[in-house]
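# An overview of the molecular structure
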Amino acid sequence: MKVMNCPLNGPRNISEFVWGGEVKPMPDETKLSDREWAEYVFLENNTAGVVREWWCHVPTSFWFIAERNTVTDEIVKTYPASEVFKARVDFAPKSERAKP
Amino acid sequence: MGALPKVFAQNQLRRSPIYRLTQAAGAFCEVINSGAVPMHYGNSDSELDRARRMAIADLSGLPRTGFKGTGTVDWLAGQGLTIGPDSNMAYRQDGGALAARLAPTEIFLIDGLEATGALIDRLNGAWNWGTEKPRKLIGYPMPRQDSHAWFMITGDAAPDMFAKICGVDLRPHKFAPGRIAQTSLAKMSGIVIRDDRGAIPAFHLLADVASAEYLWGAVLDAMSEFGGAPVGLQALRRLGEVPS
């Protein structure tokens, strides 16, 4: 079986993991239309080559980031999300948001 | 083997999610901390032999709890627990409880087999966010008594049995005492903790309570080729005392 290296649990069978979509920078939601926000949430770039993706180790519910080549399905490296996301993201209450 | 008064698990306030199965297998229970626990299945001596070779015990009636979140480990250390830096390792506490560090900020605490519940009761009573604003970073309780079934699997054949249902290599030279594997077992998620009884390999198995009957049956099936069968808590306690 294909083996993936979980940053918390070490090498595990690929059947223990689920894919969670591409890692994309979050746009400023106050400056987007609903359509643009939906595109950010639901649409993938579907790049051919090395991409950064969210993956989850299901037995521990541990989310982390993997760099994977979508052409060869080779996993280049995996690391905790804390290496990318270092600060808390706060959202303004909806009433305070400006409509684009 | 002491003659135990007949305890009917269905009459107890706290009972194992698989009490129907152990009862049908002839379990003699004792009430420990208001939970009914199978102590033996009629013959403690043959159960001791079985526990050395290949056996499973239902410990779901015994005390357990958990704590999680930023500050958890510091708070527990302040309460007198000894918790090492490595995740996926279990650390023995005074009194026999085992603090399993599932992640940097998550502890799953299971009692020792004497099951006094003392440490777990004290921690559950001591945890308090207080009234300070913002709240102190001491984590939060993660109750585990009813979330997970708790089985113990013992015997020299245990690693071979696990190889049939689990992708992680649990042989003694690959999986040291105290190590934890959070992995897929018989197609469901579970936590395995190596905690030898005397010289005999032994593993705690913690998994979703809703699928406990399935897992009990799947493990029994996997261990049947090694002569495995259920044993009571008495055999596990004696395993720790008697030289093999």
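Not measured: the values here are computed from a predicted model.

Reading the values: the criteria
Residues numbered from 1 in each chain as written. Chains lettered and ligands numbered in written order. Predicted model: local features only at pLDDT ≥ 70, side-chain atom pairs only at ≥ 80, totals over all residues. Heavy atoms only, no water. Helix = DSSP H or I, 4+ residues; strand = E, 2+ residues; numbered from the N terminus. Polar contact = N/O pair within 3.5 Å; in protein donor to acceptor, adjacent residues only side chain to side chain. Contact = heavy atoms within 4.5 Å. Domains from an automatic or database assignment. Buried area = accessible area lost by both parts, 1.4 Å probe. Salt bridge = Lys/Arg side-chain N within 4 Å of Asp/Glu carboxyl O. Core = buried A, V, L, I, M, F, W, Y, C linked by side-chain atoms within 4.5 Å. Buried < 20%, exposed > 50% of the residue type's maximum accessible area, 1.4 Å probe, protein only. Pairing = 2+ DSSP bridges. Nonpolar A, V, L, I, M, F, W, Y, C, P; charged D, E, K, R; others polar.

### With respect to the side chain of serine 60 of chain B
Residues and elements named next belong to chain B. Tracing the sequence through the fold places serine 60 in the loop between β3 (55–58) and β4 (64–68). Of note is the side chain of serine 60, whose polar atom sits 3.0 Å from the backbone nitrogen of tryptophan 150. Not counting residues up to four positions away in its chain, the partners in contact with serine 60 are Ser16, Pro17, Gln145, Ala149, Trp150 and Phe151.

### Re the domain arrangement of chain B
Often the size quoted for an interface is simply the accessible area lost on bringing the parts together. All names here are of chain B. Taken domain by domain, chain B holds domain 1 (9–62 + 146–241) and domain 2 (64–141). Spacing between the C-alpha centres of domain 1 and domain 2 amounts to 24 Å. If you look at the interface, domain 1 gives 23 residues, while domain 2 gives 17 residues. Summed over both partners, the interface of domain 1 with domain 2 comes to about 1700 Å²; 59% of that surface belongs to carbon and sulfur atoms. As a salt-bridge pair, glutamate 114 and arginine 237 come within 3.8 Å of each other at their nearest N and O atoms. On the surface where domain 1 and domain 2 come into contact, there are 10 residue pairs in polar contact (both at pLDDT 80 or more). For the side of domain 1 that touches domain 2, the elements supplying multiple residues, two or more each, are β9 (148–154), β10 (180–185), β11 (188–194), β12 (202–208) and α7 (233–241). A per-element tally of the side of domain 1 that touches domain 2 places β9 first, with four residues.

### What to know about the nonpolar core
Residue and element names in this part refer to chain B. Core analysis: the largest hydrophobic core is formed by 32 residues, its most contacted members being Phe151, Ile153, Met161, Phe162, Ile165, Leu170 and Val219. Of all elements in the fold, only β9, α5 (158–165), β10, β11, β12 and α6 (212–223) reach the threshold of two or more residues within this core. Of all the elements, α6 adds the most residues to this core, at seven residues. In this view, phenylalanine 151 contacts Ile18, Ile56, Ala57, Asp58, Leu59, Ser60, Phe203, His204, Leu205, Ala212, Leu215 and Trp216; residues no more than four positions away in its chain are not counted. Core analysis: the next-biggest nonpolar cluster, separate from the first, contains 30 residues, Leu62, Ile110, Ala115 and Val231 among them.

### So, the pairing of strand β7 (residues 106–110) of chain B
All names here are of chain B. Across the five residues of β7, five count as buried, placing the element largely inside the fold. The two faces of β7 match: Glu106, Phe108 and Ile110 on one face and Ile107 and Leu109 on the other face are all buried. Pairing analysis gives five bridges linking β4 to β7, with the strands arranged antiparallel. Considered in β7, the bridge of arginine 64 is made with isoleucine 110.

### With respect to the interface of chain A and chain B
Facing the nine residues of chain A at the interface are 12 residues of chain B. Here chain A meets chain B over a buried area of about 670 Å², counting both sides, of which 50% is carbon and sulfur. A per-residue breakdown of the area chain A buries against chain B is headed by Leu8, Arg12 and Pro59 of chain A, which together make up 59% of the total. The interface formed by chain A and chain B contains zero salt bridges. Linking chain A to chain B there are five residue pairs in polar contact (both at pLDDT 80 or more). Considering only residue class, the side of chain A that touches chain B consists of three nonpolar, four polar and two charged.

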